[in-house]
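Working through the structure, step by step
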Amino acid sequence: MSLYEQYPISLYNNLTKEKVKFEPLTPGRVGMYVCGPTVYSDVHLGNVRTFMSFDVVFRYLAYLGYKVRYVRNITDVGHLVGDADEGEDKIAKKARLEALEPMEVVQKYTNGFHDVMRLFNILEPSIEPTATGHIVEQIEFIKQIIDNGYAYEANGNVYFDVKKYNEDHPYGELSGRNTEEMLSNTRELSGQDEKRNGLDFALWKKADAGHLMRWPSPWGIGFPGWHLECSVMSTKYLGEKFDIHGGGMDLKFPHHEAEIAQNKGCCGKGGANYWIHGNMLTVNGRKMAKSEGNGFTPEQLLTGDHKLLERGYSSMTVRFFMLMSHYASTLDFSNEALQAAEKGYKRLMASINLIDKLPEAGTGKIDEAKTAELKASIEKAFADLSDDFNTAKAIASLFEISTSINTFYQNPNQLAVIDKATFDYVIQHFKGIIFDILGLQNETSGGQNAELLDGVMKVVIEMRKQAKFAKNYGLSDQIRDDMKAIGIQIKDEKGGEMSYSID
RNA sequence: GGCGCUGUGGCCGAGUGGCUAGGCAGAGGUCUGCAAAACCUUGUACAGCGGUUCGAAUCCGCUCAGCGCCUCCA
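Thresholds applied
Residues numbered from 1 in each chain as written. Chains lettered and ligands numbered in written order. Predicted model: local features only at pLDDT ≥ 70, side-chain atom pairs only at ≥ 80, totals over all residues. Heavy atoms only, no water. Domains from an automatic or database assignment. Helix = DSSP H or I, 4+ residues; strand = E, 2+ residues; numbered from the N terminus. Buried < 20%, exposed > 50% of the residue type's maximum accessible area, 1.4 Å probe, protein only. Phe/Tyr/Trp six-rings, centres within 6.5 Å; stacked < 30°, edge-to-face > 60°. Pairing = 2+ DSSP bridges. Axes fitted to C-alpha atoms, helices over the stretch in contact; angles between N-to-C directions. Contact = heavy atoms within 4.5 Å. Core = buried A, V, L, I, M, F, W, Y, C linked by side-chain atoms within 4.5 Å. 1 Å grid on protein atoms, 1.4 Å probe; cavity = no way out; pocket = protein on both sides within 12 Å on 5 of 7 lines; lining within 4 Å. Points joined across faces, edges and corners; volume = space filled by probe spheres on them. Expected span 1.5 Å × (residues − 1). UniProt positions renumbered as here; feature names shortened; annotations may be inferred. Salt bridge = Lys/Arg side-chain N within 4 Å of Asp/Glu carboxyl O. Parallel < 35°, antiparallel > 145°, perpendicular 65-115°, else oblique. Left-handed = near helix turned anticlockwise from the far one by under 90°. Nonpolar A, V, L, I, M, F, W, Y, C, P; charged D, E, K, R; others polar.

1. Digging into the domain arrangement of chain A
Partitioning chain A into domains gives domain 1 (3–8 + 27–278), domain 2 (283–437) and domain 3 (447–502). Inter-centroid distance (C-alpha atoms) of domain 2 to domain 3 is 27 Å.

As structure tokens, this is what we get:
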């Protein structure tokens, strides 16, 4: 029996607004598409949260035994600039400002994005397609939508005909919008517009003379509209129907709504069965966003060099902080919360570090109740993760196991009564959940020079033991304090033994 | 204005009809030369007002406060 049969996943489907059992189209296989970044500026911590949320979904599906194809795109063209620059592409605008080639901008911020993903131990997707790499497919997609009667050309531009589409398919099913109402509300606004209706959105935009990104098409020189690349690339790599589509909450409308419309307008099918949205990271109750100026880069996070940061925090502290809440809830950033998360993270890692030092389990008379209790904790963690990927709840169970490990270390006789096979099973998955599913890394072990450090610490500890034995407390305390000052905590244990941990 | 969401103990944050969430901080204790860590014990919590129910933080209504989307946004 596979793990995914043992712990069947249920998830909240934003399309149907209810929590349902997850059933992939093809048993044992999952196709997942997540809207990636628009690479025209640095990603901030809020962006990171979304990708981390879906990273855990990806990791969890894989851990349970599903074969997953995870597609996360790079949008390197196509997003229109909102204000006065209607018709101009975000990438192109930035390029002109910085006097760079558009692809130079794309390359720079794509590299930056990848660096950030690595920093937070967010896995690479199976496919990371770019919009510029799929211009041909996008043109074909538009042609099909036009043939189906859901789009029209106007002066070198192609628009999606929302009103026409809405006659055959519900536009607004994902975001719960009343399209009839919206159509009547926007009618007057579109007076001199070449759009038939204010709700219509561009599939293809004509490039004016100064526009830097341009491709030939049946409608003239231009570039694809926003929304389109996701429909095209998800269809290409996952099919007209696939399992999961994810993205940030703020993409729900209009981006995802348009995506569904494009999919149905082209292929008659709406793409994903399950729509999942990650919620926003907030600062003082407000969304972290570029326009708010309340975001910061990973470098600033590590160094603490930002007005919002009292000091720096490690990437794993941040990862743990984010996983302590549910992906669908807003999460408020604060220094206090980060510091609490840091301690919690270290506590978890400290018990991980003790595992190898534990004596053999099950050497005494097995206590069935105690054994079952320990096993229940790991089973609870799995059940929680299968309940809409509730990492916050699962972590609570992990702390139970963490406490057990600490107890076993101090009182080996309590480990002696735990069945060995069960104990090994629990530990295997305890580590599995922490490292493979939650994607945490152990920053508290010695890293590259672990063996060397361990050797040095043996010498230091031996010196302190001798000082203590000679009741030279001045020296033994000095050794402890000096080590503490450079970030190593020496701990006295029962029976005169000592251990250390890295702060 | 339309659509939707949130309000949980000192802080963060799960839960969502009856069963301890958890972390951080605080208090007491065990251990210890002292400390730290660890372990044990401990907290008046569910915005307000009504209603449904044997029973509600959890369902319904109203009020208050705040947020998101509706324009680019993870």
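Having seen the structure, we can now continue with the description.
2. Details of unusual backbone geometry
In most cases, non-glycine residues show a negative phi, while peptide bonds are predominantly trans. Here the amide bond leading from Phe253 into Pro254 is cis, since omega sits at 0°, within 30 degrees of zero. Locating Pro254 in the fold gives a position in helix α9 (residues 252–267).

3. Things to note about helix α8 (residues 228–238)
Counted residue by residue, α8 has nine buried out of eleven residues, so it is predominantly covered. Among the residues making up α8, those that are buried are Leu228, Glu229, Cys230, Ser231, Val232, Met233, Ser234, Thr235 and Leu238. Just beyond α8, the residue with positive phi is Gly239, at close to 105°.

4. A few points about the packing of aromatic side chains
Aromatic ring pairs are described here by two measures, namely the spacing of the ring centres and the angle between the planes. A complete count under the given rule lists 18 aromatic pairs for this structure. Both rings, one in Tyr7 and one in Phe382, keep their centres 4.8 Å apart while their planes meet at 20°; by these two values the pair is stacked. Taken together, the residues span a long stretch of sequence, with Tyr7 in the loop between α1 (3–6) and β1 (10–13) and Phe382 in helix α13 (residues 368–386) at a distance of 375 residues. You'll find Tyr7 and Phe382 in the same group, each marked buried. Look at Tyr150 and Tyr165: their rings are 5.7 Å apart centre to centre, the planes differ by 80°, and that puts the pair in the edge-to-face class. Of the two residues, Tyr150 is situated in the loop between α5 (135–147) and β5 (151–154) and Tyr165 in helix α6 (residues 162–168); the sequence distance between them amounts to 15 residues.

5. Let's talk about the sheet that holds strand β11 (residues 281–283)
If you trace the three strands from one edge of the open sheet to the other, you get β12-β11-β13, paired in mixed fashion. Since the sheet does not close on itself, it has two edges, and those belong to β12 (286–287) and β13 (331–333), each with one partner. Strand direction decides the pairing type here: β11 and β13, joined by three bridges, are parallel. Counterpart to Val283 in the pairing with β13 is Phe333.

6. Section: the sheet that holds strand β7 (residues 201–206)
Taken in spatial order, the four strands of this open sheet run β5-β6-β7-β8, and their pairing is antiparallel. In this open sheet, the two strands that pair with only one neighbour each are β5 and β8 (222–224). Strand-to-strand twist across the sheet, computed as the mean angle between neighbouring axes with direction ignored, equals 20°. Pairing between β7 and β8: three bridges, direction antiparallel. When the bridges of β8 are listed, Trp204 appears paired with Pro224. Of the strands in this sheet, β5, β6 (157–160), β7 and β8 are in contact with α5, which crosses β7 at around 125°.

7. Considering the nonpolar core
Within the largest apolar cluster, 96 residues are counted, with the highest numbers of intra-cluster contacts made by Leu45 and Phe430. Sort the elements by how many residues they give to this core and helix α2 (residues 45–63) lands first, with eleven residues. Other than its neighbours up to four places away in sequence, Leu45 contacts Phe120, Leu281, Met288, Phe296, Leu301, Val318, Met322 and Phe333. Grouped together as the second largest cluster of nonpolar side chains are 35 residues, Ile142, Val162, Met182 and Phe242 included.

8. Looking at the layout of surface pockets
For the second largest pocket, the calculated volume is near 920 Å³. Lining of the second largest pocket is provided by 31 residues; of these, Asn353, Leu354, Lys357, Ser499 and Tyr500 occupy positions nearest its centre. Elements represented by at least two residues in the lining of the second largest pocket include exactly α12 (335–354), α14 (391–410), α17 (450–469), β14 (488–492) and β15 (498–502). Counting residues per element, the lining of the second largest pocket draws most heavily on α17, at eight residues. Looking at the lining of the second largest pocket, you find at least three residues from each of domain 2 (283–437) and domain 3 (447–502).

9. Some points on helix α16 (residues 420–437)
Along its 18 residues, α16 runs 24 Å from first to last C-alpha, staying within 8% of the 26 Å computed at 1.5 Å per residue. Looking at α16, one finds that the buried residues are Thr422, Phe423, Val426, Ile427, His429, Phe430, Gly432, Ile433, Ile434 and Ile437.

10. With respect to the UniProt feature "binding site: ATP" (unreviewed entry) in chain A
Here the UniProt-annotated "binding site: ATP" (unreviewed entry) positions come out as Lys290. Mapped onto the fold, Lys290 is located in the loop between β12 and α10 (298–303). A residue is classified by how much of its surface remains accessible, and Lys290, at 42% relative accessible area, is partly exposed. The contact partners of Lys290, leaving out residues within four places of it in the chain, are Tyr40, Ser41, Asp42 and His44.

11. Section: the pattern of salt bridges
Think of it this way: side chains of opposite charge can pair up when their charged atoms draw near. Per the stated rule, a full pass over the model turns up 20 salt bridges. Between Asp115 and Arg118 there is a salt bridge, and its shortest N-O distance comes to 2.9 Å. Here Asp115 and its partner Arg118 are both found in helix α4 (residues 102–119), three residues apart, which amounts to about one turn of the helix. Residue class for Arg118 comes out exposed when judged on its relative accessible area of 52%. Note that Lys287 and Asp250 form a salt bridge whose closest N and O atoms lie 3.3 Å from each other. Of the two residues, Lys287 sits in strand β12 while Asp250 sits in the loop between β9 (241–248) and α9, which places them 37 residues apart along the sequence. Residue classification places Asp250 among the partly exposed residues on the basis of a relative accessible area of 40%. Salt bridges sharing common partners tie together Asp55, Arg59 and Arg319.

12. A closer look at the pairing of β5
Sheet analysis places β5 next to β6, joined by four bridges and oriented antiparallel. Within β6, the position partnered with Glu153 by the bridge is Val158. Here β5 folds back onto β6, and the loop between the two strands holds two residues, one of which, Asn155, carries a positive phi near 60°.

13. Considerations on the packing of α13 against α14
In the contact formed by α13 and α14, the axes pass within 7 Å of each other and the chain directions differ by 160°. When the axis of α13 is compared with that of α14, the two are roughly antiparallel. For the pair α13 and α14, the crossing hand works out as left-handed. From α13, Leu374, Ser377, Ile378, Lys380, Ala381, Asp384 and Leu385 reach across to α14, where they touch Thr391, Lys393, Ala394, Ser397, Leu398, Glu400, Ile401, Ser404 and Phe408. Looking at the contact of α13 with α14 residue by residue, the classes come out as eight nonpolar, four polar and four charged.

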